[in-house]
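Chain by chain, the residues:
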Amino acid sequence: MKVKKFGVCLLMIFVFSAIGTAVALAMEQVSLPFSDHGVTVSIQADVPDGFEEDMEIYLNGSPYYLSAVSGYHMETELEPGKYEIKVLSYSDFIGRYSFFAPEALDTEIDRDITIKVTDTWEDREEGEAHEFGEEEQDGWEEFEPELLDFSDGEPYGTILIDSEPYGAVRNASFCLVGEGKVYEIPLKNDYAGCARVRLPVGMYYESGTIHVELAENAMAPDGISYLWQHRDNPGGWGSYYQVEEGKTVKISDLMIMMVVDGDIAELNSNAFFSRKMVENREYLMESHHQKELESAFPESYGESQERTIASAEPVKEVPVVDWKEILTIVIGITAMIAAGGLAIWHRQRKP
């Protein structure tokens, strides 16, 4: 009889344990509303050819970075929710590119962010000038020459001077030597290097003297010097010009040569602007970045203009209770208690 009762107790323990195991396995198929992980969000940029700028993507004020090194793609883990999106580029301080992105991200709907980058210079007409002068300036035919009158009330003729305009040069002087007098004629960028000069009647010859005044954003390489040259007659400098009353003489092929370490070449504005940009790049980037941040996050800047935007932080792993494991333990303990109680109940009923 005792053996029979003991067998019944063992059977009950086995049954309750089996029930606990079955419930635990069923819980593995149930998606509980608790998670100890964030969601993976993909951030990428569709960029034009030649684009190599760095980008900052702000999600609710926290920055994430894209660059050419990463292929303008990254993945990050975020807490589920909604995020405001803002895109900045601190290295594009000349404002060449435009950035288009969704205004917000809802991780319940989408987990991909794509930024479209466009080149605002792509459709620019050839020769169109811009602040840093990376293109030479064409289309100067519309400019009227500057009128300079050196006749001093005497009978005069006119010399129409047309020199090559350079974006890096604000003013270049061209000298003509007359009878006992030198006339320094400024050829200004504002007039496309053109001047209509009234001179007393007489003979003049061109001097090699030249003074060059650079544009505001241009910087000359160390040890550079300048020469005038005729485009149509290289090496033929020093021509004579006869000025007659009421008549016009034209000089239309002047160009500026630069001499660096014994090498002679036509003046290249890119060399002047590039040097200036490189030396000031860090300052320009910081200044541009500050302005972009102030514009994007006006509420984050007080009177002190100090940055108060929170730094980016990874998703924190907050300890979360494993409810499945606890439920299995509770069911197992309950089964053991029930089996023990059943055994005691049988023993108390013994006559």
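Quick look at the structure, then. (Residues numbered from 1 in each chain as written. Predicted model: local features only at pLDDT ≥ 70, side-chain atom pairs only at ≥ 80, totals over all residues. Heavy atoms only, no water.)

## Some thoughts on the overall build of the chain
Argument step 1. Along the chain, the regular secondary structure elements total 3 helices and 19 strands.
Argument step 2. In the chain, which comprises 351 residues, the proportion classed as buried is 36%.
Argument step 3. Look at the contacts in the chain between residues 6 or more apart in sequence, and 71% of them connect residues 24 or more apart. (Helix = DSSP H or I, 4+ residues; strand = E, 2+ residues; numbered from the N terminus. Buried < 20%, exposed > 50% of the residue type's maximum accessible area, 1.4 Å probe, protein only. Contact = heavy atoms within 4.5 Å.)

## Observations regarding the sheet that holds strand S7 (residues 104-106)
Argument step 1. The 4 strands lie next to each other as S3-S2-S5-S7, forming an open sheet whose pairing is antiparallel. Here the strands that pair on one side only, and so sit at the sheet edges, are strand S3 (62-66) and S7. Strand-to-strand twist of the sheet, defined as the mean angle between neighbouring strand axes without regard to direction, takes the value 30 degrees.
Argument step 2. Pairing of strand S5 (residues 82-88) with S7, which is carried by 3 bridges, proceeds in the antiparallel orientation. Looking across to S7, one finds that Lys-82 is bridged to Asp-106. (Pairing = 2+ DSSP bridges. Axes fitted to C-alpha atoms, helices over the stretch in contact; angles between N-to-C directions.)

## Comments concerning empty space enclosed by the protein
Argument step 1. Per the counting criterion, the structure on display carries 1 cavity of 30 Å³ or more.
Argument step 2. Volume-wise, the largest cavity comes out at about 80 Å³.
Argument step 3. Residues of the lining of the largest cavity, tallied by class, amount to 6 nonpolar, 3 polar and 2 charged. (1 Å grid on protein atoms, 1.4 Å probe; cavity = no way out; pocket = protein on both sides within 12 Å on 5 of 7 lines; lining within 4 Å. Points joined across faces, edges and corners; volume = space filled by probe spheres on them. Nonpolar A, V, L, I, M, F, W, Y, C, P; charged D, E, K, R; others polar.)

## Re the pattern of salt bridges
Argument step 1. Counted according to the given criterion, the structure contains 9 salt bridges.
Argument step 2. Taking the shortest distance from any N to any O, the salt bridge between Asp-119 and Arg-96 comes out at 2.9 Å. Highlighted residues: Asp-119 in strand S8 (residues 112-119) and Arg-96 in the loop between S5 and strand S6 (97-100), separated in sequence by 23 residues.
Argument step 3. Judged by its relative accessible area of 14%, Asp-119 falls in the buried class. (Salt bridge = Lys/Arg side-chain N within 4 Å of Asp/Glu carboxyl O.)

## A look at the environment of Asp-232
Argument step 1. Within the fold, Asp-232 resides in the loop between strand S16 (225-230) and strand S17 (240-243).
Argument step 2. The class of Asp-232 is exposed, set by a relative accessible area of 63%.
Argument step 3. When the C-alpha positions of Asp-232 and Met-255 are compared, they lie 9.8 Å apart, and in sequence the two are 23 residues distant.

## What about the pairing of strand S1 (residues 39-46)?
Argument step 1. Where S1 meets strand S4 (residues 73-78), 6 bridges bridge the pair, whose relative direction is antiparallel. Of the residues in S4, the one forming a bridge with Val-41 is Thr-76.
Argument step 2. Sheet topology places S1 next to S8; 5 bridges connect them, and they run parallel. From the neighbouring strand, Asp-46 faces S8, where its bridge partner is Lys-116.

## A word on the sheet that holds S4
Argument step 1. With mixed pairing, the 4 strands of this open sheet are ordered in space as S4-S1-S8-S6. Across the chains shown, the open sheet's two edge strands, defined by having one partner strand only, are S4 and S6. Shown here is a sheet whose adjacent strand axes are inclined to one another by a mean of 20 degrees, direction ignored.

## Notes on the packing of aromatic side chains
Where two aromatic rings form a pair, the distance of their centres and the angle of their planes describe that pair.
Argument step 1. If you walk through the whole model with that rule in mind, you get 8 aromatic pairs.
Argument step 2. A ring pair is formed by Phe-51 and Tyr-72, whose centres lie 5.3 Å apart and whose planes are at 50 degrees; its orientation type is tilted. Here Tyr-72 lies in the loop between S3 and S4 and Phe-51 lies in the loop between S1 and strand S2 (55-59), a separation of 21 residues in the sequence. For the pair Phe-51 and Tyr-72, a shared accessibility class is recorded, and that class is buried.
Argument step 3. Each member of the aromatic cluster is reached from another via a ring pair, and the members are Phe-51, Tyr-72, Tyr-97 and Phe-99. (Phe/Tyr/Trp six-rings, centres within 6.5 Å; stacked < 30°, edge-to-face > 60°.)

Function-wise, these values are silent; they only describe arrangement.
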